[in-house]
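Here is how the chains run, residue by residue.
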Amino acid sequence: MSTDRLRLGVNIDHVATIRNARGGDHPDPVRAAQIVAEAGGDGITVHLREDRRHIRDDDLLRVQDATGLPLNLEMAATDEMVEIALRHMPHAACIVPERREERTTEGGLDAAGQHNRLAPIVARLTDAGIRVSLFIAPEPRQVEAAMRLGAPVVEFHTGEYAHAQAGNVAEELRRLSDMAALAVKNGIEPHAGHGLTYKNVQPVAAIPQLRELNIGHYLIGEAIFTGLEDAVVRMRRLMDEAR
Ligand code: PXP
């Protein structure tokens with residue numbers, strides 16, 4: 001059993017998705033961020049996508065100022081996003097792969113195959129004092145690539161675990177657990193996220209090396225039925241019980 005508290009970062013992108021469906025200003029992601037803070041969330045995560053399909057530039061500043069919680073900006077490895085990150089100075093920047101046609105971030109970043117493209121970006125953000133995280137698949141070559149890039153944090157993509165058929169769940173969990181251990185052994189702080197729900201969160205939360213989970217779509221979906229505060233409190237409780 002681990003004594004370290006596992007942080008919960010709540011991704012509020014889909015509050016903006018609902019707002020944008022009508023083009024007005026309701027529901028406001030700022031209000032969501034405030035509720036997350038009151039409910040015991042440890043951080044706010046937003047993904048400013050190239051097509052601005054949910055979070056927009058003005059949301060960044062408003063969300064950042066809305067609570068005392070650290071802001072984790074998910075961003076593609078592009079010049080535009082690096083400039084925005086340097087202007088806003090979020091606590092953390094999580095570099096994610098991004099394709100226009102995808103519905104969500106469907107896989108991990110190929111940190112191993114893109115070393116030369118990522119190295120200057122990781123260096124610029126790090127030099128500015130932003131904590132860089134790389135959203136990678138739980139694979140040894142990606143952890144080793146993160147090490148070579150000097151990233152202090154990796155976030156493991158839990159999509160394969162979340163979508164695994166019954167027979168493969170244990171194997172996916174083992175990969176996450178082994179890679180979390182490898183990350184820590186190499187001085188990297190491991191986080192995890194994608195596709196986590198009340199049903200599947202506990203085995204991941206029980207991996208002692210993990211320090212943070214980032215959860216979005218499911219929590220915002222549950223918030224429709226029971227409210228955001230209740231959803232965050234419930235997820236928090238499940239995570240704590242698993243530790
Ligand atoms: N972490 C990262 C880096 C993400 O890009 C996302 C969204 O795809 C999440 C966590 C949260 O995933 P979900 O919305 O499925 O909980």
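The coordinates are above.
What counts and how
- Residues numbered from 1 in each chain as written.
- Predicted model: local features only at pLDDT ≥ 70, side-chain atom pairs only at ≥ 80, totals over all residues.
- Heavy atoms only, no water.
- Helix = DSSP H or I, 4+ residues; strand = E, 2+ residues; numbered from the N terminus.
- Buried < 20%, exposed > 50% of the residue type's maximum accessible area, 1.4 Å probe, protein only.
- Lys, Arg positive; Asp, Glu negative; His and termini not counted.
- Salt bridge = Lys/Arg side-chain N within 4 Å of Asp/Glu carboxyl O.
- Contact = heavy atoms within 4.5 Å.
- Near = heavy atom within 4 Å.
- Polar contact = N/O pair within 3.5 Å; in protein donor to acceptor, adjacent residues only side chain to side chain.
- Areas by Shrake-Rupley, 256 points an atom, 1.4 Å probe, with all protein chains shown as cover.
- Nonpolar A, V, L, I, M, F, W, Y, C, P; charged D, E, K, R; others polar.
- Pairing = 2+ DSSP bridges.
- Axes fitted to C-alpha atoms, helices over the stretch in contact; angles between N-to-C directions.
- Parallel < 35°, antiparallel > 145°, perpendicular 65-115°, else oblique.
- Left-handed = near helix turned anticlockwise from the far one by under 90°.

**Student:** Break down the side chain of Glu74 for me, with residues and values.
**Tutor:** By the element assignment, Glu74 lies in strand 3 (residues 71-75). For Glu74, which is buried and forms no salt bridge, the nearest opposite charge comes from Arg49, at a distance of 6.9 Å. Residue contacts for Glu74: discarding those within four places in its chain leaves Asn11, Thr45, Val46, His47, Leu48, Cys94 and Val96.

**Student:** Give me the pattern of salt bridges: which residues, what numbers.
**Tutor:** Within this structure, the stated rule accounts for 17 salt bridges. The closest approach of N and O atoms between Arg175 and Glu172, which form a salt bridge, is 3.0 Å. Within this pair, Arg175 and its partner Glu172 are both found in helix 8 (residues 169-185), separated by 3 residues, close to a single helical turn. Residue classification places Glu172 among the buried residues on the basis of a relative accessible area of 12%. One salt-bridge network, in which partners are shared between bridges, spans Arg5, Asp42, Arg236 and Asp240.

**Student:** Tell me what's going on with unusual backbone geometry, and back it up with residues and numbers.
**Tutor:** Trans is the prevailing form of peptide bonds, just as negative phi is the prevailing case for residues other than glycine. Pro27 follows His26 through a cis peptide bond whose omega is -5°. Tracing the backbone shows Pro27 in the loop between helix 1 (13-22) and helix 2 (29-39). Backbone geometry at Met89 places phi at a positive 50°, although glycine is not the residue there. In this structure, Met89 sits in the loop between helix 4 (79-88) and strand 4 (92-95).

**Student:** How would you summarise the site of the ligand if you had to cite specific residues and measurements?
**Tutor:** Around the ligand sit 14 residues in total, of which Glu74, Glu155, Gly195, Gly216 and His217 are the nearest. In the environment of the ligand, an oxygen atom lies 2.9 Å from a nitrogen or oxygen atom belonging to the side chain of Glu74. When the ligand sits alone it has 390 Å² of accessible area, and the protein chains cover 94% of it. A breakdown of the residues in the shell around the ligand according to their chemical character gives 4 nonpolar, 8 polar and 2 charged.

**Student:** Go over the sheet that holds strand 3 with me, naming the residues and quoting the values.
**Tutor:** Strand order in this closed barrel of 8 strands is 1-2-3-4-5-6-7-8, and the pairing throughout is parallel. For this sheet, the mean inter-axis angle between neighbouring strands, taken without regard to orientation, is 25°. Bridging between strand 1 (residues 7-11) and strand 8 (residues 212-215) involves 4 bridges; their strand directions are parallel. Residue pairing for strand 8: Val10 is matched across the bridge by Ile215. Here helix 11 (residues 228-242) sits on the sheet in contact with strand 1 and strand 8, set at roughly 145° to strand 1.

**Student:** How would you sum up the packing of helix 2 against helix 3 (residues 57-66)? Please name residues and give values.
**Tutor:** Between two packed helices, the angle of one axis relative to the other and the distance separating the axes together describe the packing. Packing of helix 2 against helix 3 leaves a shortest axis separation of 9 Å and a crossing angle of 25°. Relative to helix 3, the element helix 2 lies roughly parallel. For helix 2 against helix 3, the interelement crossing comes out right-handed. Contact with helix 2, carried on its side by Pro29, Val30, Ala33 and Gln34, involves Asp59, Arg62, Val63 and Ala66 of helix 3 and no other residues of that element. A per-class count over the contact of helix 2 with helix 3 returns 5 nonpolar, 1 polar and 2 charged.

**Student:** Can you explain the pairing of strand 7 (residues 189-193)? Please cite residues and give values.
**Tutor:** Burial of strand 7 is extensive: 5 of the 5 residues sit out of reach of the surface. Side chains Glu189, His191 and Gly193 project from strand 7 onto one buried face, and the interleaved Pro190 and Ala192 project onto a second face that is buried too. By the bridge criterion, 5 bridges tie strand 6 (residues 153-157) to strand 7 in an arrangement that is parallel. Across the sheet, the residue bridging to Glu155 is His191, located in strand 7. Of the strand pairs in this sheet, strand 7 and strand 8 are connected by 3 bridges, and their pairing is parallel.

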